[in-house]
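Results of the structural survey
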Amino acid sequence: MRAYALLAILACSAAPAAAQGADPVLLELRLGTAASRTVEAFRAGEEALLPVMQLFEMGEMLATRDSSGRVHATLQPGNVPLVIDPVAGRATAGRRELSIPPGHALSGPVEIWLGASLLAGLLGAPIEISWADLAAVMVDPGVLPIAQRLSRESARARFRAAEGATVADRTV
């Protein structure tokens, strides 16, 4: 039953992608060692089109999509606005603006897929694609809130261990 549901999802999503020359694939999307998820992606030549909203959700970034299909998010620190507009063919992060070449973006009813090289340039964090392993890995997800949170938690744990402090079970 699950296999049929997965095939139905891929078939529905693949229709607009096939028109643009992209093939549906399942990839393991990893944000360093912080998070990992199997996602529906697309292959356009050697470029991987990755699901933007899912990547932002995994990275604990708040992102919204407006009625015209643009994705809005904010990079921290610094409240840097990030906008991906597949209709206009451009993406911006603060003052950095990238044009989206044809075939490097795909828009569905809920998700936007963007080329890994564009996402890497937009976020300032390289994304490595391995078609042999069916994996997309952001090696250093330090720009994402999940990595910043994990870094703070690790620093707190080291501080507590050095102080010999105990963590209270209950705070009154």
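These numbers come from a predicted model, not from an experiment. (Residues numbered from 1 in each chain as written. Predicted model: local features only at pLDDT ≥ 70, side-chain atom pairs only at ≥ 80, totals over all residues. Heavy atoms only, no water.)

Bringing the overall build of the protein chain into the picture now. A count of helical and extended segments in the protein chain gives 4 helices and 12 strands. Buried residues in the protein chain amount to 38% of all 172 residues. If you take every contact in the protein chain between residues at least 6 apart in sequence, the share linking residues at least 24 apart comes to 44%. Taken as a whole, the protein chain presents about 9900 Å² of accessible surface, with 56% of it coming from carbon and sulfur. (Helix = DSSP H or I, 4+ residues; strand = E, 2+ residues; numbered from the N terminus. Buried < 20%, exposed > 50% of the residue type's maximum accessible area, 1.4 Å probe, protein only. Contact = heavy atoms within 4.5 Å. Areas by Shrake-Rupley, 256 points an atom, 1.4 Å probe, with all protein chains shown as cover.)

Attention now moves to the sheet that holds strand S4 (residues 63-65). With respect to topology, 5 strands assemble into an open sheet ordered S4-S5-S6-S7-S8, the strand pairing being antiparallel. Edge positions in the sheet fall to S4 and strand S8 (96-99), since each has one partner strand and no second. Along the sheet, successive strands turn relative to each other by an average axial angle of 15°, direction set aside. Across 5 bridges, strand S5 (residues 71-75) lies against strand S6 (residues 80-85) in antiparallel orientation. If you follow Thr74 over to S6, its bridge partner there is Pro81. The strands touched by helix H3 (residues 116-123) within the sheet are S5, S6, strand S7 (90-93) and S8, with S8 carrying the most contacts at an inclination of about 170°. (Pairing = 2+ DSSP bridges. Axes fitted to C-alpha atoms, helices over the stretch in contact; angles between N-to-C directions.)

This part takes up the packing of aromatic side chains. When we look at a pair of aromatic rings, we describe it by the centre distance and by the angle of the planes. Applying the stated rule across the entire model yields 1 aromatic pair. Stacked on the ring of Trp131, the Lys or Arg Arg43 has its end atom at 4.3 Å from the ring centre. (Phe/Tyr/Trp six-rings, centres within 6.5 Å; stacked < 30°, edge-to-face > 60°. Lys NZ or Arg CZ within 6 Å of the ring centre and 35° of its normal.)

With that settled, consider the nonpolar core. The biggest cluster of nonpolar side chains holds 40 residues, and the ones touching the most others in it are Leu50, Phe56, Leu82 and Ile84. Among residues more than four places away in sequence, those in contact with Leu82 are Phe56, Val71, His72, Ala73, Leu75, Thr92, Ala93, Leu122 and Leu123. Core analysis: the second largest hydrophobic core is formed by 5 residues, Phe42, Leu49, Leu106 and Trp113 among them. (Core = buried A, V, L, I, M, F, W, Y, C linked by side-chain atoms within 4.5 Å.)

A few words now on the confidence of the model for the protein chain. The predicted coordinates should not be examined in detail at positions where pLDDT is low. Residues with a pLDDT of 70 or more make up 81% of the protein chain, whose mean pLDDT is 81. Within the protein chain, strand S3 (residues 47-51) carries the highest mean pLDDT (94), whereas helix H1 (residues 2-19) carries the lowest (44). Note that pLDDT drops below 50 for residues 1-19; the model gives that stretch 12 contacts with residues more than four away or on any other chain. (pLDDT = per-residue confidence, 0-100.)

In this section: the pairing of S7. Strand direction decides the pairing type here: S6 and S7, joined by 4 bridges, are antiparallel. In the sheet register, Ile84 faces S7, and the bridge partner there is Ala91. Between S6 and S7, which follow one another and run antiparallel, lie 4 residues, and Gly89 among them has a positive phi close to 75°. If you look at the hairpin formed by S7 and S8, you'll find 2 residues sitting between the two strands, and Gly94 has a positive phi there, around 65°.

Here we take up the sheet that holds strand S12 (residues 135-138). Spatial ordering of the open sheet is given by S9-S10-S3-S2-S1-S12-S11, a layout of 7 strands whose pairing is mixed. Only two strands of the sheet have a single partner each, and these edge strands are strand S9 (105-107) and strand S11 (127-130). Within this sheet the neighbouring strands show an average axis-to-axis angle of 30°, counted without direction. Across 3 bridges, the pairing between S3 and strand S10 (residues 112-115) is antiparallel.

Here Glu111 lies in the loop between S9 and S10. One buried charged residue, Glu111, remains without a salt bridge, the closest side chain of opposite sign being Arg65 at 6.6 Å. A distance of 3.1 Å separates the side chain of Glu111 from the backbone nitrogen of Val52, its partner in a polar contact. With near-sequence residues (within four places) excluded, Glu111 lies in contact with Pro51, Val52, Met53, Gln54, Arg65 and Leu106. (Lys, Arg positive; Asp, Glu negative; His and termini not counted. Salt bridge = Lys/Arg side-chain N within 4 Å of Asp/Glu carboxyl O. Polar contact = N/O pair within 3.5 Å; in protein donor to acceptor, adjacent residues only side chain to side chain.)

Glancing now at the pairing of S3. Along S3, 5 of the 5 residues are buried, which leaves the element largely enclosed by surrounding structure. Relative to S3, strand S2 (residues 35-44) runs antiparallel, the two sharing 3 bridges. Within S3, the position partnered with Ala44 by the bridge is Glu47. Hairpin connection, S2 to S3: the antiparallel pair is bridged by 2 residues, and Gly45 has positive phi, about 70°.

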